[in-house]
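So the chains spell out like this:
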Amino acid sequence: MTQRKRLSNSPSLSQNKRQSGSFMTQGDSEDATFTQPSTSQVQRGLEKVTSAQVDQKTAEVVQYFLVKDQKKIPVRRAELVKNVVKEYRNIYPEILKRAARIFDQVFGLKLVEIDNRNHMYILVNNLETTDSASPNEWLTNPKMGLLFVILSVIFMKGGVVRENLIWNTLKKLRVDQGEKHEEFGDVRRVVTDEFVRQRYLEYLRIPHTEPLEHEFRWGQRADKEVSKAKILEFMGQLHEQEPQSWTQQYRDAYSLSQGAQATTSSLR
Amino acid sequence: MSRQMGDSHRRFLQAMMGRGITDEQGALRLYQHCCETHKTQCAPDKLDDFIDTINSKLQPMFMQIRKGMSEDNGQQYYALVNMAETEITRMTSDYADNELELFRKTMDLIVSSENGKASSTEILNSTDSMTSKKLKKSETEHLLNRLVNDKWLCEKHGEYTLSTRCIIEMEPYIRAMYQDQVKVCHICHNIAFQCQICENPTCGIKIHNPCVARYFKGRTEPHCPACDDFWPHEIPEVRRPHTKSRR
Ligand SMILES: [Zn+2]
Ligand SMILES: [Zn+2]
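Quantities reported herein were computed from a predicted structural model and do not represent experimental measurements.

Conventions we followed
- Residues numbered from 1 in each chain as written.
- Chains lettered and ligands numbered in written order.
- Predicted model: local features only at pLDDT ≥ 70, side-chain atom pairs only at ≥ 80, totals over all residues.
- Heavy atoms only, no water.
- Helix = DSSP H or I, 4+ residues; strand = E, 2+ residues; numbered from the N terminus.
- Buried < 20%, exposed > 50% of the residue type's maximum accessible area, 1.4 Å probe, protein only.
- Polar contact = N/O pair within 3.5 Å; in protein donor to acceptor, adjacent residues only side chain to side chain.
- Contact = heavy atoms within 4.5 Å.
- Donors = N, O, S within 2.8 Å, 3.2 Å for Na, K, Ca; no water.
- Tetrahedral: all angles 85-135°; square planar, octahedral: opposite > 155°, others 65-115°.
- Pairing = 2+ DSSP bridges.
- Axes fitted to C-alpha atoms, helices over the stretch in contact; angles between N-to-C directions.
- Domains from an automatic or database assignment.
- Buried area = accessible area lost by both parts, 1.4 Å probe.
- Salt bridge = Lys/Arg side-chain N within 4 Å of Asp/Glu carboxyl O.
- Parallel < 35°, antiparallel > 145°, perpendicular 65-115°, else oblique.
- pLDDT = per-residue confidence, 0-100.

**Details of the overall build of chain A**
The helix and strand inventory of chain A stands at 14 helices and eight strands. Residue burial in chain A is summarised as follows: out of 268 residues, 50% are buried.

**Thoughts on the side chain of B:Thr106**
Residue and element names in this part refer to chain B. By secondary structure assignment, the location of threonine 106 is in helix H5 (residues 97–112). Residue classification places threonine 106 among the buried positions, given a relative accessible area of 1%. Only 2.8 Å separates the side chain of threonine 106 from the backbone oxygen of leucine 102, close enough to count as a polar contact. Apart from residues lying up to four places away in sequence, threonine 106 is in contact with Ile123 and Leu153.

**Focus on the coordination of the zinc ion (ligand 2)**
Surrounding the zinc ion (ligand 2) are the protein donor atoms B:Cys198 (SG), B:Cys203 (SG), B:Cys224 (SG) and B:Cys227 (SG), at 2.3 to 2.4 Å. Taken together, the four donor atoms surrounding the zinc ion (ligand 2) define angles of 104 to 113° at the centre, an arrangement classified as tetrahedral.

**Overview of the coordination of the zinc ion (ligand 1)**
Residue and element names in this part refer to chain B. Distances from the zinc ion (ligand 1) to its protein donors, Cys185 (SG), Cys188 (SG), His208 (ND1) and Cys211 (SG), fall at 2.1 to 2.4 Å. Between the four donor atoms coordinating the zinc ion (ligand 1), the angles at the centre fall across 96 to 119°, so the site counts as tetrahedral. Every donor residue of the zinc ion (ligand 1) comes from the same chain, spaced as C-x2-C-x19-H-x2-C. Residue cysteine 185 is classed as buried on the basis of its relative accessible area, which comes to 0%. Relative accessible area serves as the criterion here: at 26%, cysteine 188 is assigned to the partly exposed category.

**With respect to unusual backbone geometry**
Here the bond from A:Glu210 into A:Pro211 is cis, since omega is 0°, no more than 30 degrees from zero. The phi angle at A:Arg174 is positive, at roughly 65°, despite the residue not being glycine. Here A:Arg174 lies in the loop between helix H9 (163–172) and strand E5 (180–181). Given the relative accessible area of 73%, A:Arg174 is considered exposed. At B:Phe62, a position not held by glycine, the phi torsion is positive, near 55°. Among the structural elements, B:Phe62 can be located in the loop between helix H3 (47–58) and strand E2 (63–69).

**Digging into the sheet that holds strand E3 (residues 76–82) of chain B**
All names here are of chain B. Read from one edge of the open sheet, three strands run E1-E3-E2, paired in antiparallel fashion. Taken across any chain shown, the strands that pair with only one partner, and hence form the sheet edges, are strand E1 (21–23) and E2. Averaged over all pairs of adjacent strands, the angle between strand axes in this sheet comes to 20°, irrespective of strand direction. Note that E1 and E3 share three bridges and pair antiparallel. Opposite isoleucine 21, over in E3, you have alanine 79 as the bridge partner. Its contacts with the sheet put helix H1 (residues 7–19) on E1, E2 and E3, and the angle it makes with E3 is roughly 90°. The sheet contacts of helix H8 (residues 164–177) involve E1, E2 and E3, and relative to E3 the element is tilted by about 50°.

**Things to note about the domain arrangement of chain B**
Residues and elements named next belong to chain B. Assigned domains within chain B: domain 1 (7–82), domain 2 (89–177) and domain 3 (182–236). One C-alpha centre belongs to domain 1, the other to domain 2; they are set 27 Å apart. The interface is formed by 14 residues belonging to domain 1 together with ten residues belonging to domain 2. The contact between domain 1 and domain 2 buries some 960 Å² in all, and 58% of this surface belongs to carbon and sulfur atoms. If you sort the residues of domain 1 by the area they bury against domain 2, Ile21, Arg66 and Asn82 come out on top, with a joint share of 46%. Across the domain 1-domain 2 interface, the total number found is zero salt bridges.

**Examining the sheet that holds strand E4 (residues 160–162) of chain A**
All names here are of chain A. Judged by pairing direction, the sheet is antiparallel, and its three strands sit side by side in the order E4-E8-E7 without closing on themselves. Taken across any chain shown, the strands that pair with only one partner, and hence form the sheet edges, are E4 and strand E7 (201–206). In this sheet, adjacent strand axes meet at a mean angle of 30° when their direction is disregarded. One ladder, built from six bridges, connects E7 with strand E8 (residues 213–218); its direction is antiparallel. Pairing of leucine 201 across the sheet is with tryptophan 218, part of E8.

**Thoughts on the packing of helix H5 (residues 77–85) of chain A against helix H6 (residues 92–107) of chain A**
Any two packed helices are characterised by how steeply their axes cross, that is the angle between the axes, and by the distance between the axes. Residue and element names in this part refer to chain A. In the contact formed by H5 and H6, the axes pass within 12 Å of each other and the chain directions differ by 95°. As judged from the angle between their axes, H5 and H6 are roughly perpendicular. Of the residues in H6, those in contact with Arg77, Leu80, Val81 and Val85 of H5 are Tyr92, Ile95 and Leu96.

**What to know about the confidence of the model for chain B**
Residues and elements named next belong to chain B. Looking at chain B as a whole, the pLDDT averages 88, with 92% of positions reaching at least 70. Predicted confidence in chain B is weakest over helix H4 (residues 89–92), with a mean pLDDT of 61, and strongest over strand E4 (residues 118–119), with 96. The ipTM assigned to the predicted complex is 0.80, against a pTM of 0.73.

**Observations regarding the pairing of strand E3 (residues 120–125) of chain A**
Residue and element names in this part refer to chain A. Of all six residues in E3, six are buried; the element is thus mostly enclosed. The two faces of E3 match: Met120, Ile122 and Val124 on one face and Tyr121, Leu123 and Asn125 on the other face are all buried. Sheet topology note: the strand E1 (residues 75–76)/E3 ladder contains two bridges and is antiparallel. Considered in E3, the bridge of arginine 76 is made with methionine 120. Judged from the six bridges that link them, strand E2 (residues 109–115) and E3 form a sheet pairing that is antiparallel. Residue pairing in the sheet places leucine 109 in a bridge with asparagine 125 of E3. Taking the residues that link successive antiparallel strands as the turn, the E2-E3 hairpin has four residues, and the phi of histidine 119 there is positive, at about 55°.

Here you go:
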């Protein structure tokens, strides 16, 4: 409790209180004004603050990421600096490093930069899924189950599918994009907006189509969080087939050229 | 008990982040599951130690897994709470400023009421004194639904109470904000909303309904534990924990 009192009296937090209403604002234009400080700048900056102040800022950054992660919204560096880091921007790299360590050691999450041009970050799960047979944790959540089906279709079809194929597949599962679903509500919105914003899916216009058509691909979060091997295992069980019988997919799921995926994937 | 955090602790914490709140049986099942998954020791009476280990690492983040009682059924619950800002941090990303103002007004009504409840009419009327953008009737109703869905309020027959999660999370805030009005249970010393009150005007202690049930169980002639006056209220039954496993 003493902690709390101390905190609510601290000036940095009362500032935080005032801005917290603007948590959702995007800070695109801000990025231009933020340049990553050099190592020596960080060193000099750290000499001017107490370690308690750095810890406090780190805690605020961690909280900010957790709030965003509840909705699976990626965090932009610019917005993080503007809303949370603020006057500590000269030691931003150190704060981010400490936050990443806390996510890893306390929460079992990994802080990943998914876009190094716009500097966007997401949290992915570091812990292995428990049941090796099927992605149970996903399937107990209906929305995640829906996503898993879509990701499976895309993967099995070679990485990219026209949207019609997805809608038809879902229709067979009695999930109709044109109707209000009792669990998901507006299915079309969930799939083409929510999953896309969360970076599970990419939904891109196919050029030169008339009427306009879109295609789906895996988003960056899916690449980081979802194991292709697990999908293949799941398909194998569904169709009573050996995963190896899908040669191309099997190679993709287990190939060493997927090294990047293998090291960062949370569902190894 | 080692204070070192392992993957079983991390998995437990992740699940709590997803659930927000869970009853004691749910927490025990989860504890067991996490220990089995990571092949670590699990003793049912060590749940609180296990959670203390997590809390020791959460503390610098101003977060905590806190235990509290449901005023409704007297069961123990565990909730992941945020202590960083005494104000409604976790709500700020989900609710607009005027919606938060109405939530605070609802808390005002509930805290200052005799029975820990606020009727929908009272809440609708309180929009007249809003300083931020006034909510329309339909917007207020929609907001109340959302607050119930998000487990901040409970609703029964058009009357609203604070949810268990809300009480556990906001207890320090409520104690600080409503110092003069806040009631504390004579038995468990936690903050009390839905409770019975001693009718002796010089006493007037409060006891939670579930605490009343436990305290007076089996006594034929109930007397106030503070002033020894006759306790004139109906003594509720002790509610057993429902063993049905609900997710
Ligand atoms: Zn009590
Ligand atoms: Zn009395």
